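The chain contents come next:
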Amino acid sequence: MKYIEAAIILLGLLVGAIVGSLIPIDNGNAALIGALLVPALGLLILFFVKKRRKAMSLEERNRQNQLMRQRYVDSAESKAEQTFFLFEKFFNHR
């Protein structure tokens, strides 16, 4: 989670500063406000997600983890199947 928080802060600072610099307000104040506001909102959302997850029962968290893992495995299998199909179609085309 520490890496996620660090990524939110860094990307938020970058995106907020870039978008804020495009808004014409006194001497770049919008870039400063954007650079502070975007990471703060990202961390606030992450706080509520963590709080909701802690409120779940252990069984519910395990079920959620299994569903996410299953989605990942299914998507990986479908991508592998699609790649294999395209590979066969391309090289076995006679």
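See above for the structure.
About the cut-offs
Residues numbered from 1 in each chain as written. Predicted model: local features only at pLDDT ≥ 70, side-chain atom pairs only at ≥ 80, totals over all residues. Heavy atoms only, no water. Axes fitted to C-alpha atoms, helices over the stretch in contact; angles between N-to-C directions. Helix = DSSP H or I, 4+ residues; strand = E, 2+ residues; numbered from the N terminus. Left-handed = near helix turned anticlockwise from the far one by under 90°. Contact = heavy atoms within 4.5 Å. Nonpolar A, V, L, I, M, F, W, Y, C, P; charged D, E, K, R; others polar. Salt bridge = Lys/Arg side-chain N within 4 Å of Asp/Glu carboxyl O. Buried < 20%, exposed > 50% of the residue type's maximum accessible area, 1.4 Å probe, protein only. Phe/Tyr/Trp six-rings, centres within 6.5 Å; stacked < 30°, edge-to-face > 60°. Expected span 1.5 Å × (residues − 1).

J.: Describe the packing of helix α1 (residues 2–22) against helix α2 (residues 29–55), listing the residues and the values that go with them.
T.: Viewed as axis vectors pointing N to C, α1 and α2 meet at an angle of 145°, and their least axial separation amounts to 7 Å. Considering only the axes of α1 and α2, their crossing is right-handed. Note on element contacts: α2 touches α1 through Ala 30, Ala 31, Gly 34, Ala 35, Val 38, Pro 39, Gly 42, Leu 43, Leu 46 and Lys 50, opposite Ile 4, Glu 5, Ile 8, Ile 9, Gly 12, Leu 13, Gly 16, Ala 17, Gly 20 and Ser 21. A class-by-class count of the residues in the contact of α1 with α2 yields 12 nonpolar, 6 polar and 2 charged.

J.: Tell me about the pattern of salt bridges, residues and numbers included.
T.: Counting across every chain of the model gives 1 salt bridge. Between Glu 5 and Lys 50 there is a salt bridge; the shortest N-O distance is 2.3 Å. Placement of Glu 5 in helix α1 and of Lys 50 in helix α2 is noted, with a sequence separation of 45 residues between them. With a relative accessible area of 22%, Glu 5 lands in the partly exposed category.

J.: I'd like a description of the packing of aromatic side chains, backed by residues and values.
T.: According to the stated counting rule, one finds 1 aromatic pair in the structure shown. Centre to centre, the rings of Phe 47 and Phe 48 are 5.4 Å apart; their planes meet at 65°, and the pair counts as edge-to-face. Among the residues examined, Phe 47 registers a relative accessible area of 46% and is labelled partly exposed. With relative accessibility at 47%, the residue Phe 48 sits in the partly exposed group.

J.: Tell me about α2, and please be specific about residues and values.
T.: Along its 27 residues, α2 runs 39 Å from first to last C-alpha, staying within 8% of the 39 Å computed at 1.5 Å per residue. Those residues of α2 that fall on the buried side of the exposure criterion are Ala 30, Ala 31, Gly 34, Ala 35, Pro 39, Gly 42 and Leu 46. In this structure, the buried side of α2 is in contact with α1.

These figures come from the coordinates and say nothing about function on their own.
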